[in-house]
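A structural walkthrough
Here's the letter readout for the chains.
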Amino acid sequence: MVTRAAPITRAGLALAAAMTLAAPPAPAANRDFWRFETAQDFLRGESDGVTIGPEGQVRLAPAIRTLHEGERPFVWAVAPDGSTGVLAASGAPAALVRIAGGQSDPLAEADQVGVQAVARGTDGSIFFATTPGGGVQQILPGGERRVFHTPEARYIWALAVEPGGSVLVATGMPATLIRVQPSGEAETIFSTREENITALLVSDDGVIHVGTEPSGIVFRIDRDTGAMALFDSPQVEIRALARNAAGEVFAAAVASSGPDRAALTGAPAALPAAAGAGAAAAVSVSTATSFQVAQTAAASARSSGGGGEGTHALYRITPDGASQVIWESRLDRPLALAMLRDERLLLGTGDRGRVYRITRDGDVTLLLRIESEQITAAFNDGTTTLLGASNPGRVLSLAAEPRTEGRYRSRALDAGGAARFGRISWESRSPPGAAIVVETRSGNSSEPDDTWSDWVAAEADAPVRSPPARFLEWRAILRSDGRASPELESVEVAYLPTNLAPRVTAITLHPPGTAFEQMIQPSAPRLMGMEHLPMTTEAARQTAGNNALAGVTGRQLYRHGVRTATFEASDPNGDRLRYRISYREVGEVAWRELRTDLRERIVAWDTATIPDGRYELRVEAEDAPDNPPGEALSGSRTSRPFTVDNTPPTIGGLAAAADGTLTFHVEDGGSPIRRVSVSVGGGPPQVVRPVDGIPDSLREEFAFRPASPAAEGAALVIRAEDDAGNWTAVEASPPP
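Quick notes on the rules
Residues numbered from 1 in each chain as written. Predicted model: local features only at pLDDT ≥ 70, side-chain atom pairs only at ≥ 80, totals over all residues. Heavy atoms only, no water. Helix = DSSP H or I, 4+ residues; strand = E, 2+ residues; numbered from the N terminus. Buried < 20%, exposed > 50% of the residue type's maximum accessible area, 1.4 Å probe, protein only. Polar contact = N/O pair within 3.5 Å; in protein donor to acceptor, adjacent residues only side chain to side chain. Contact = heavy atoms within 4.5 Å. Pairing = 2+ DSSP bridges. Axes fitted to C-alpha atoms, helices over the stretch in contact; angles between N-to-C directions. Core = buried A, V, L, I, M, F, W, Y, C linked by side-chain atoms within 4.5 Å. Phe/Tyr/Trp six-rings, centres within 6.5 Å; stacked < 30°, edge-to-face > 60°.

1. Notes on the side chain of Asp645
Locating Asp645 in the fold gives a position in the loop between β52 (642-644) and β53 (650-656). Since its relative accessible area comes to 5%, Asp645 is described here as buried. Separated by 3.2 Å, the side chain of Asp645 and the backbone nitrogen of Thr647 make a polar contact. One polar contact links Asp645 to Ser671, side chain to side chain, over a distance of 2.6 Å. Apart from the residues lying within four places of it in its own chain, the contact partners of Asp645 are Asp612, Asp668, Gly670, Ser671, Asp722, Ala724 and Asn726.

2. Thoughts on the environment of Thr607
When you line up the elements, Thr607 lands in the loop between β49 (602-606) and β50 (613-622). C-alpha of Thr607 to C-alpha of Val644: the two residues are 37 residues apart in sequence and 6.8 Å apart in space.

3. What about the sheet that holds strand β57 (residues 699-704)?
In spatial order, the strands read β53-β54-β57; together these 3 strands make up an open sheet with antiparallel pairing. Among the strands making up the open sheet, the edge pair consists of β53 and β57. For this sheet, the mean inter-axis angle between neighbouring strands, taken without regard to orientation, is 15°. Two elements, strand β54 (residues 662-667) and β57, share 6 bridges in a ladder whose sense is antiparallel. If you follow Thr663 over to β57, its bridge partner there is Ala703.

4. What to know about unusual backbone geometry
The omega torsion of the bond from Met173 to Pro174 falls at 5°, within 30 degrees of zero and hence cis. Counting through the fold element by element, Pro174 comes out in the loop between β16 (167-172) and β17 (175-180). For the peptide bond that leads from Gly350 to Asp351, omega is 10°, which places it in the cis range. Take Asp351: it is sitting in the loop between β28 (345-350) and β29 (354-358). Even without being a glycine, Asp461 presents a positive backbone phi close to 60°. Considering the arrangement of structural elements, one finds Asp461 in the loop between β37 (456-457) and β38 (462-463). Given a relative accessible area of 55%, Asp461 falls into the exposed group.

5. Digging into the nonpolar core
The nonpolar side chains of a soluble globular protein tend to be buried with one another. Formed by 40 residues in total, the largest nonpolar core has its most connected members in Trp34, Leu314, Trp474 and Leu488. Sort the elements by how many residues they give to this core and strand β35 (residues 413-429) lands first, with 6 residues. Apart from residues no more than four positions distant in its own chain, Leu314 is found in contact with Phe250, Ala251, Ala252, Gln324, Val325, Ile326, Trp327, Leu337, Leu345, Leu347 and Ile358.

6. Some words on the packing of aromatic side chains
Given two aromatic rings, their pairing is described by the distance between the two centres and the angle made by the two planes. According to the stated counting rule, one finds 17 aromatic pairs in the structure shown. Consider the rings of Trp327 and Tyr356, whose centres lie 5.6 Å apart with planes at 55°: the pair is tilted. Of the two residues, Trp327 is situated in strand β26 (residues 323-329) and Tyr356 in strand β29; the sequence distance between them amounts to 29 residues. By relative accessible area, which is 6% here, Trp327 ends up buried. Where Phe664 meets Phe702, the ring centres are 5.2 Å apart and the plane angle is 10°; that geometry is what we call stacked. Here Phe664, found in strand β54, pairs with Phe702, found in strand β57; they are 38 residues apart in sequence, far enough to count as distant. Using a relative accessible area of 2% as the deciding quantity, one classes Phe702 as buried.

7. Some remarks on the sheet that holds β49
The pairing of strands in a sheet comes from backbone hydrogen bonds and takes either a parallel or an antiparallel form. Read across the sheet, 3 strands follow the order β41-β46-β49 without closing on themselves; strand pairing throughout is antiparallel. Both edges of this open sheet fall to β41 (503-509) and β49, since each of them pairs with a single strand only. Taking the axes of each pair of neighbouring strands and ignoring which way they run, one obtains an average angle of 20° across the sheet. Taken together, the 6 bridges between β41 and strand β46 (residues 562-570) define a ladder with antiparallel strand orientation. Residue pairing in the sheet places Leu509 in a bridge with Ala565 of β46.

Here it is in C-alpha cells:
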C-alpha cells in the first residue's frame, strides 16, 4: 500500500485591526458646565418669592398679603363683599367666611361638606351654594338669610349673576344649568348627558360658556342661537373658564380630577356616578369622617379606571371653535383661572401651589408659589386680585409692586461622581435700590442634609468656594427697596469630575478563521444640515471612530489562521479610550505586545506567527486621549484561554481487512477531529464516522468499507479536518 501526503496550503493573512465595530458614544470633555439659560432650566429648581419668565428671567414676585388662614382646609371661591371685605367659600365643614379688617368670621355655616361657590348680586345680595345635597342660599343686604333655590341635583359646582340680576346655577348629577330669577322662579336652560357642569362663565354680552366632566367639553349658550358644543378636549374635566375682549375663551382642562374634589365633596368630577353617589351618601358632618370616606371613594374609582394619568392643559378657543394649547403640564393641574386687566391670564394650579401668568400667545411666567398645595380660586376685577388656596386654606391678595426679597434655589446638580468646581458666572441687571447675591453649597448625598457644606457667597467669574463633592447647589437672593426688581438672566458653573479608571467589561473570542470585512468610510463626510461644508480629514477620522452609526461591520469572512477578538469597554467619565492588546501562553508570566494605540474595539491577527498552544489575550483600556500625562488611568481584562492550532491532523495506521474494510486512525496535536471523509474513485466525498460514533477527540479510529463491490478496486482519498480548520489528505491504494 502506497500513501502520498498532500500538505495544506495556508492563507497567511493578517487583517487590519482597523475593522470598525460599534463605536462608543461621542466623548464628553472632562470639564463640563451646568448652564441655566431657559425657563425650563430654572423651573426645575425651587422658587420662593420670585417669578420665572418665559425666557428664563428670574425676578421678584408681586408682593402678597395673607388675608385669611383658617382651620378649614379648603377655599373654593373668593369675591369682594361689596364693601371693604372679601368673601371666601370654604370647607370642610361648609362655611361662608367674611374677611375684613384683619378678622375672619363665618358669615354662614351649613351641614354640608363645603361651600362650593359664591356670587354677589346686582342688588348687593350674596348668593352661596353648599354641596353635596345642599342648595343656593341668599343673604339679603339687610343681613336676612334665606333659601334661594334647591335644585334636584346632588352637586352645585358654580354660581354666576347675569347682568339682569338672575342667578345661574351649574349642577352635577344631573348636569344642568338653571336660571333663577330674583323672585325665585327657576328654569333649566341647558342640560347635557355629561355628569357635571364644573365651570361657568357669563360675559357682559349675555353669552354663557360652561365646561363639563367627564368628557371635558366647552359649550356656548346664546339666547339667539341656542346651545352648541364649542370645543371637545382630550381631558376629562374643564375646571375653569375665562374670556377676553376679542371673544376668545380660555379653558383650563385637567386630565384627572385628583384628590381635591374627592376630599371636599366625596365625588370628584371624573368619578363614575355610582362611586360618586355612594361617597356622597356616606358623607357625614364630621370633617374627619367625610375626608376618609371621600378619599377611599376616590382611590377606588381611580384604581377601577375612573381617573387617569395624562397632560393637563390651558386652551385658547376662538369664537368659531378653533383651539390651541397655550400651556400644558403633567405635574401641575390647572384649578383656577382669572383674566387680568392687561388680558393676561392668572392660572392657579395644584398640587405644588404654583401660580402662572400666561399671555394669549402662550408666553408663560411662573408668577409665584404659595405655601399651600392647591390654588383653587382666582378673582380679578381690574383693581383687585385675589387667590384662594387649599391645604391649608388661605385667602391672599396680590399687589402690583414687587416683594422686597425673594429666593431661587437650583436643584442638586450631579457631577456623576466626585468633582472639583470651577468658575461660576451669571448675567443680571440690578436697577438702583436692587441687588442679587449668589451662594453655593456642596455635598455627596443627592438630597441636601446636615453633611452638606454651609452656604457660602460666590463671586462672579471666580472659582466656586464650596468644597469638592459630587453635588452642588446654588441659590440667588434677590432684594429690592420696593421700587423695581433685579433680574437674573443666566447662571453657568464649571466642574471637573475626578478621573476614574475605564473598565473592559467583556472579551469575545470568535471561532478560528472568523474575520470581518472592513467597511469603507468616506474620506470627507458631510455634516447633516451643512451639506455644503465638508469636514476636515482629521474631523472625518474622529467621526469614523466615534460615530455609532458608522459601527456596522462588513460581511463575515473565513481566513485560515486568523483569530479575531472583539471587546466592550466603558469609561465612567465618558473619556475617549485607546487600547493595548497583549498575549501570552498559558503558564507564562510575561505578556507579549500584539497591538498598541488601538482605537477600535476589535483586533485580528494571523496566528501562524506564533507556535501552537494554549494562550490568553489581555485588553488594556486607557483614557489618555482626554487626560493630561500623569492623570490618565487604565483598566484591563484577560480572556479565557484559547487554542492556537495551525498544524493539520495526521492520518495513519492504514490497513485493509479480508472483507475489503479499510481501517485507519486520525490524530491531531491541538484540536479535536471535526470531520473525516473518503472519496472513492474520484467520486464525491463520503463522511465517515469514527468507530465510537462521534468525532470529538484528538485521536479517532475509523473503519471504511466501499458501498459496492465494483468500488472495491477504486483508488481512495482520505481527507481529515480538525476544529481549527487545518486539514490534510492522503491517497490510499485500494484493498487487494
